[in-house]
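Per-entry structural report
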Amino acid sequence: MYFSRLNLTRQGLSVLLSASDYGLHRAMWTLFADRPDRERDFLYRRMDGGSQPEFLCLSARPPVGDGRWNVETKPFEPQFRAGQVLEFSLRANPVRTEWVDGKQKRRDVVMDYKTRLKAQNLSREEWPTSASIVQEAGAAWIEERAARWGVAFDCRTLRADGYRILDFTKDGRGQKRQVRLATVEFSGVLEIKTPDLLRAVVRTGVGPAKGFGCGLLLLKPARA
């Protein structure tokens, strides 16, 4: 695997300012599209907060930059051990999948929580705050995945916030369709229980919408 830090050149910034979320998705693909039938084998995340956006990327192959990107890449093979305590950060599309009329349907966990509140015939004044809904629904979703990721979360530090809905038009095979997905920002501290499971999660990513900047699990040593 390779871990890369990507910054946009002046030319790239002009493209980004005019790009939709789907346009950004396509711009990222240019770094890895060495042939028309290539399957996605990378994860990325947009990081805001500095003078310009920065992108972190985990991939099976090194990205190949063009005039829009400055690329710093290094090999990445995490060495996890049981009992290790790490801080984590994740942008994910938290959904639950169910079957409706014989078809698979993904339900945004935050909207699903609100639907259940409505079913209880509670007045809006009786609802939790929006921040509390995102925290409770998001924390429940990620905690359900702890065992399969080979980790245990420190519930005291677990945060779910930054709920955002993305709407864009996707082009594919000569057709256009509307896409809506929700993202939540997760952070906190975890303890590794099964290193091999966590290594697989890091490599493959978390949840759906990985092609749209979701699913990259970022880890670093926990502060003492």
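In this text the structure is predicted, and so the values were computed from the model without any measurement.

**Description of the pairing of strand S3 (residues 54-59)**
Burial within S3 is extensive, with five of its six residues counted as buried. With six bridges joining them, strand S1 (residues 2-8) and S3 adopt antiparallel strand pairing. Paired with Tyr2 across the two strands is Ser59, which belongs to S3.

**Focus: the packing of aromatic side chains**
Using the criterion set out here, one finds eight aromatic pairs in the structure. Considering the side-chain rings of Phe55 and Trp69, the 5.3 Å spacing of their centres and the 85° angle between planes classify their relative orientation as edge-to-face. Here the residue Phe55 occupies a position in strand S3, and Trp69 occupies one in strand S4 (residues 69-75), the gap between them amounting to 14 residues. Taking relative accessible area as the criterion, Trp69 reaches 5% and is therefore assigned buried. Taken together, the ring pairs in this structure connect Trp29, Phe32, Phe42 and Tyr44 into an aromatic cluster.

**What to know about the sheet that holds S1**
Taken in spatial order, the four strands make up an open sheet running S2-S3-S1-S4, and their pairing is antiparallel. In this open sheet, the two strands that pair with only one neighbour each are strand S2 (42-47) and S4. Averaged over neighbouring strand pairs, the angle between their axes works out to 20° when direction is ignored.

**Observations concerning the pattern of salt bridges**
On inspection of all chains with the given rule, the structure shows 17 salt bridges. When the shortest N-O distance is used, the salt bridge between Arg46 and Asp48 registers 3.0 Å. Note that Arg116 is salt-bridged to Asp112, the shortest N-O span being 3.7 Å. One end of the pair is Arg116 and the other is Asp112, both in helix H3 (residues 109-119) and four residues apart, which spans about a single turn.

**Section: the nonpolar core**
Across soluble globular proteins, nonpolar side chains show a tendency to be buried alongside one another. Membership of the largest hydrophobic core comes to 38 residues, with the highest contact counts inside it found for Phe88, Leu90, Ile142, Trp149, Phe153 and Phe186. Ranked by residue count, the leading element in this core is helix H4 (residues 130-143), at six residues. In this structure Ile142 touches Phe88, Leu90, Trp149, Phe153, Leu158 and Phe186, once residues within four positions along its chain are discounted.

**Quick notes on unusual backbone geometry**
Positioned with a positive phi, Asn121 is a non-glycine residue whose angle comes to about 55°. Along the chain, Asn121 falls in the loop between H3 and H4. The exposure class assigned to Asn121 is exposed, which follows from its relative accessible area of 70%. The backbone phi angle of Ala209 is positive, close to 65°, even though this residue is not glycine. Considering the arrangement of structural elements, one finds Ala209 in the loop between helix H6 (195-204) and strand S11 (217-221).

**Some points on the environment of Gly65**
In this structure, Gly65 sits in the loop between S3 and S4. In contact with Gly65, other than residues within four places in its own chain, are Leu31 and Val71.

**Topic: the confidence of the model for the protein**
Of the residues in the protein, 92% have a pLDDT of 70 or more, and the chain-wide mean is 88. Per-element confidence in the protein ranges from a low mean pLDDT of 68 for helix H1 (residues 10-17) to a high of 98 for strand S8 (residues 151-153).

**A word on the side chain of Arg61**
Among the secondary structure elements, Arg61 is positioned in the loop between S3 and S4. Of the residues examined, Arg61 reaches a relative accessible area of 18% and is grouped as buried. When near neighbours in sequence (up to four residues on either side) are disregarded, Arg61 contacts Tyr2, Phe32, Asp34, Arg38 and Asp41.

The rules behind the values
- Residues numbered from 1 in each chain as written.
- Predicted model: local features only at pLDDT ≥ 70, side-chain atom pairs only at ≥ 80, totals over all residues.
- Heavy atoms only, no water.
- Buried < 20%, exposed > 50% of the residue type's maximum accessible area, 1.4 Å probe, protein only.
- Helix = DSSP H or I, 4+ residues; strand = E, 2+ residues; numbered from the N terminus.
- Pairing = 2+ DSSP bridges.
- Phe/Tyr/Trp six-rings, centres within 6.5 Å; stacked < 30°, edge-to-face > 60°.
- Axes fitted to C-alpha atoms, helices over the stretch in contact; angles between N-to-C directions.
- Salt bridge = Lys/Arg side-chain N within 4 Å of Asp/Glu carboxyl O.
- Core = buried A, V, L, I, M, F, W, Y, C linked by side-chain atoms within 4.5 Å.
- Contact = heavy atoms within 4.5 Å.
- pLDDT = per-residue confidence, 0-100.

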